[in-house]
Amino acid sequence: MKQFVTREHELEPVPGLPGTLPEGEQMLWQGRPSARLVARHVLKNRWIAGYFLVLAIWAVVGGLYDGRPLAGIVFSVAVLTALAAIVIGMLELFAWGVHKTTLYTITSSRVVLRFGVAFSITLNLPFKQIGALALADQGKGAGNVAIQLLPGHRLSWLVQWPHVRGWRFANVEPSLICLTDAKKASDVLALALSQHASVHSGHARLTQAGPAKGTHAGPAAVEAAE
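Residues numbered from 1 in each chain as written. Predicted model: local features only at pLDDT ≥ 70, side-chain atom pairs only at ≥ 80, totals over all residues. Heavy atoms only, no water.

### Overview of the overall build of the protein
Piece 1. The number of helices and strands found in the protein is 5 helices and 10 strands.
Piece 2. Every one of the 226 residues in the protein was classed for burial, and the buried ones make up 43%.
Piece 3. Summarising the internal contacts of the protein: among those between residues at least 6 apart in sequence, 65% fall at separations of at least 24.
Piece 4. Counting every atom, the protein has about 12200 Å² of accessible surface; 63% of that belongs to carbon and sulfur. (Helix = DSSP H or I, 4+ residues; strand = E, 2+ residues; numbered from the N terminus. Buried < 20%, exposed > 50% of the residue type's maximum accessible area, 1.4 Å probe, protein only. Contact = heavy atoms within 4.5 Å. Areas by Shrake-Rupley, 256 points an atom, 1.4 Å probe, with all protein chains shown as cover.)

### Comments concerning the confidence of the model for the protein
Piece 1. Looking at the protein as a whole, its pLDDT mean stands at 83, while 83% of the residues score no less than 70.
Piece 2. For the stretch residues 1–7, pLDDT sits under 50, and the model shows 20 contacts to residues farther than four places along the chain or on other chains.
Piece 3. Confidence drops under pLDDT 50 across residues 202–226; counting only partners more than four residues distant or on other chains, this segment forms 71 contacts. (pLDDT = per-residue confidence, 0-100.)

### So, the pattern of salt bridges
Once their charged atoms are close, side chains differing in charge can pair, the charge on each being opposite to the other.
Piece 1. Inspection of every chain in the model, using the stated rule, returns 4 salt bridges.
Piece 2. Here Arg110 makes a salt bridge to Glu25, at a shortest N to O gap of 2.6 Å. Of the two residues, Arg110 sits in strand S4 (residues 110–115) while Glu25 sits in the loop between strand S1 (5–6) and strand S2 (27–31), which places them 85 residues apart along the sequence. With respect to class, Arg110 is no different from Glu25; both count as buried.
Piece 3. We note a salt bridge from Arg165 to Glu173, for which the minimum N-O separation is 2.9 Å. Neither Arg165 nor Glu173 differs from the other in exposure class; each is buried. (Salt bridge = Lys/Arg side-chain N within 4 Å of Asp/Glu carboxyl O.)

### Description of the packing of aromatic side chains
Piece 1. Tallied over the entire structure, the rule returns 4 aromatic pairs.
Piece 2. Taking the centre distance of 6.0 Å and the plane angle of 20° together, the rings of Phe94 and Trp161 count as stacked. In this pair, Phe94 is assigned in helix H3 (residues 70–101) and Trp161 in the loop between helix H4 (157–160) and strand S8 (175–179), connecting sequence segments 67 residues apart.
Piece 3. Measuring from ring centre to ring centre gives 4.9 Å for Trp157 and Phe169, while their planes differ by 55°; the resulting arrangement is tilted. In this pair, Trp157 is assigned in helix H4 and Phe169 in the loop between H4 and S8, connecting sequence segments 12 residues apart.
Piece 4. Taken together, Trp157, Trp167 and Phe169 form an aromatic cluster joined through their ring pairs. (Phe/Tyr/Trp six-rings, centres within 6.5 Å; stacked < 30°, edge-to-face > 60°.)

### A look at the sheet that holds strand S7 (residues 142–149)
Piece 1. Ordered by their spatial adjacency, 3 strands build an open sheet running S6-S7-S8, and the pairing between neighbours is antiparallel. The sheet is open, and its two edges are formed by strand S6 (130–139) and S8, each paired on a single side. Averaged over neighbouring strand pairs, the angle between their axes works out to 10° when direction is ignored.
Piece 2. With 8 bridges joining them, S6 and S7 adopt antiparallel strand pairing. Following the sheet pairing, Ile130 is matched in S7 by Leu149. (Pairing = 2+ DSSP bridges. Axes fitted to C-alpha atoms, helices over the stretch in contact; angles between N-to-C directions.)

### Quick look at the nonpolar core
Piece 1. Counting 39 residues, the largest nonpolar core has Val38, Val111, Leu113, Ile147, Leu176, Leu179 and Leu189 as its most contacted members.
Piece 2. A per-element tally of this core places helix H5 (residues 182–201) first, with 6 residues.
Piece 3. What Ile147 contacts, discounting residues up to four positions off in sequence, is Val111, Leu125, Ile130, Ala132, Leu133, Glu173, Pro174, Ser175 and Leu189. (Core = buried A, V, L, I, M, F, W, Y, C linked by side-chain atoms within 4.5 Å.)

Here it is as structure tokens:
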């Protein structure tokens with residue numbers, strides 16, 4: 001898929017796109033990940049905060065059991081609290097960076113993912129390379145939209161992270177992650193895929209799939225394929 005990846009978007013003629021839209025192509029939807037959802041579902045900040053809380057409780061209980069001075073116990077808890085604040089702060093900063101540097105675009109003929117906190121990358125996915133979609137619900141309309149590619153088109157999981165479907169290393173599925181309006185995005189993309197398929201092959205297929213395994217939440221998945 002070397003022809004679909006570029007690394008510069010500082011001079012974007014259209015925000016989120018590597019170039020102006022060709023004649024006849026229309027922009028249908030644009031969005032970006034929520035920093036709050038990225039921190040919670042991708043970076044697991046709540047789990048990490050809970051881990052430090054358990055350590056702090058253990059320090060208090062263990063200190064009292066061992067008969068340590070109260071000042072020593074307080075110092076241990078203070079150190080753990082400071083470490084927790086630093087780690088959580090770094091995670092929140094990274095999540096904010098993902099939010100600010102990412103822009104997803106759905107047009108009438110492709111999906112474009114522009115992302116990269118450290119290195120800027122634009123991934124261009126024509127509809128003819130997309131086999132199916134999977135929607136993972138994160139509650140209150142939020143979620144991920146994973147894109148399954150047709151055989152023969154592979155990407156690097158590390159390069160794409162965190163914009164990938166979790167634990168799909170062999171067959172990487174680029175994803176529109178942590179959207180507050182994921183259902184709307186998936187509906188727009190599924191309809192666009194269906195219309196594109198009907199124009200180019202004379203038929204389209206929309207199916208209802210099971211849970212999106214490997215995503216952070218997965219009650220139901222919607223798949224669209226040519």
